[in-house]
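Survey of secondary and tertiary structure
Here's the letter readout for the chains.
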Amino acid sequence: MPITRTLLRCLLPMAGLLILAPSLSADNRPLQLPASISQALSNAQIPTNAMSLAIIPLEGQGLAQFVNAEQAVNPASTMKLLTTYAALELLGPDYQWHTELFSNGDISNGVLNGDLIFRTGGDPKLTQERLWLLLRELRANGIVEVRGDLVLQPADIRMPADAIPFPDDGNDDSRPYLVEPDPLISNLKLFNLSTFAESEGVRTHLEPALPEVHIDNQVRKLPAVSSCPWPNVTYNLDDQGSHATLTLTGALHEGCSAQRYFSALDAPTYTASLVRTTWHEMGGKITGINRIGTLPSGARRLARNTSPDLVSVVRDINKFSNNTMARQLLLTIGREHRTAADADDHKAAVRVIENWLVGKGIQPNGLVIDNGSGLSRIERMTARDMALMLEAAWQSPFAAEFISSMPLAAMDGTMRRRLHNTPLVGEAHIKTGSLRNVRAIAGITRDGNGKSWAVTAIVNHGAAGGSRQALDLVLQDVHRRTATDMARQ
């Protein structure tokens, strides 16, 4: 029976309780976790069968190890490794997105007499700074005023109609990691609000300062202190899509500050306002309304901005575990490989990625690609398949680009605070994953002899939040291995 989303929703309450028969060695002995890892799991009140482990030597050294590795589990953000590696091979490391401005009006004395058409390619990294560069090019064409409408043409991305919203535990839809992909997304649809307690009172600064977002500042100023405590500021967002109000309450000591990143507005409203506001700050003007439309015949291009190449985008996704960019990237894979039989670009991406894995000799067992970011309760992949994919990536012509996109142990990204004061500092490129009931690591690490290993370790259990030590010990166990070792029992 195929694994459907409905079936998985029924199984979710049992996550962490599904137990397969124990993995067996070549002589039919049950494979076990190293003793130190088992003890760390026990200390966290996590049963050993809640960890799926797959370790593969990549340079002919040592022995592979698989423990509970055939069970399809929730990989959390390590799923981004599948999305980004597939993108590097299916799109190419030099793939780029384009954002353009067009018009069919004439230009006279600094005035564009006609509509300004903003056409996006679905760029997951279209930042405010790059939008400014795009509009600067428009100014270089001698345009100051647009006497017409601002027309937004969405990217040719076919969104899935049956997408399942992520049930976040925080009950706050404004969190940046929850931003949905969109054909008109820009600047990751984010705002940065800074609050300062000064002698004259409490001041706020919103960036970007879009007029559709109103700040209701009710924060009180307290007397100055020698050391600023954690900010006592509460944020309440009322987001209507076309406009939003963010109410601030609480108190700040004079000389102290608070900062909050949040998402608000729907993507068309945000992007149109960002274009208008940035253009106005540059001294420009648009007299017409905002509307969705398409490029008219005879329109000519006035400005173009090209994204960084895919290697840069993949690095941002993996180093900083950016969910929105990963989800936008998955849909881009689908768009570029869409056929008439594909209902949407998500289904196209799933189809092509599954076929791509099969082409590498990996028959995915229970693979479920919900959105490609790991921000999902239903995504599934086995530790074995993840490790086999990493082994294939090691042999890829784009291995260097892919591996370098992962966080370095104790140095950067989501691994910067882990494995300090161990021999693994800078020796492991590891993607992490974290959800309620899930903790995971996957990537390429080195042993004490400088040999590389593919490692995947995933914990699915109600107490998974306490498994960090056990996961770190997986990497330390690999580091001490010799040419014939499997694991320290």
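Structure shown above.
Residues numbered from 1 in each chain as written. Predicted model: local features only at pLDDT ≥ 70, side-chain atom pairs only at ≥ 80, totals over all residues. Heavy atoms only, no water.

**Notes on the nonpolar core**
- Counting residues in each nonpolar core, the largest one holds 48 residues, and the members touching the most others are L82, L310, I353, M389 and L390.
- In this view, L310 contacts A87, L88, L91, G92, P93, Y95, W97 and L329; residues no more than four positions away in its chain are not counted.
- In terms of nonpolar packing, the next biggest core, distinct from the first, is built from 43 residues, L116, L131, L248 and I286 among them. (Core = buried A, V, L, I, M, F, W, Y, C linked by side-chain atoms within 4.5 Å. Buried < 20%, exposed > 50% of the residue type's maximum accessible area, 1.4 Å probe, protein only. Contact = heavy atoms within 4.5 Å.)

**Observations concerning the pairing of strand 9 (residues 150–153)**
- Side-chain alternation along strand 9 places L150 and L152 on one buried face and V151 and Q153 on a second face that is also buried.
- Examined bridge by bridge, strand 7 (residues 116–119) and strand 9 share 4 bridges and lie parallel to one another. When the sheet's bridge partners are listed, I117 is paired in strand 9 with V151.
- Sheet topology note: the strand 9/strand 18 (residues 290–292) ladder contains 3 bridges and is parallel. (Helix = DSSP H or I, 4+ residues; strand = E, 2+ residues; numbered from the N terminus. Pairing = 2+ DSSP bridges.)

**Considerations on the state of the cysteines**
- Per the stated rule, a full pass over the model turns up 1 disulfide.
- Paired by a disulfide, C228 and C256 hold their sulfur atoms 2.0 Å apart. The disulfide joining C228 to C256 has a torsion of about -95 degrees about its S-S bond and is therefore left-handed. Highlighted residues: C228 in the loop between strand 13 (220–222) and strand 14 (232–239) and C256 in the loop between strand 15 (244–253) and strand 16 (257–263), separated in sequence by 28 residues.
- Classification of C228 by relative accessible area gives partly exposed; the value is 43%.
- C256 gets classed as buried once you look at its relative accessible area, which sits at 4%. (Disulfide = S-S within 2.5 Å.)

Distances and angles like these do not, on their own, reveal function.
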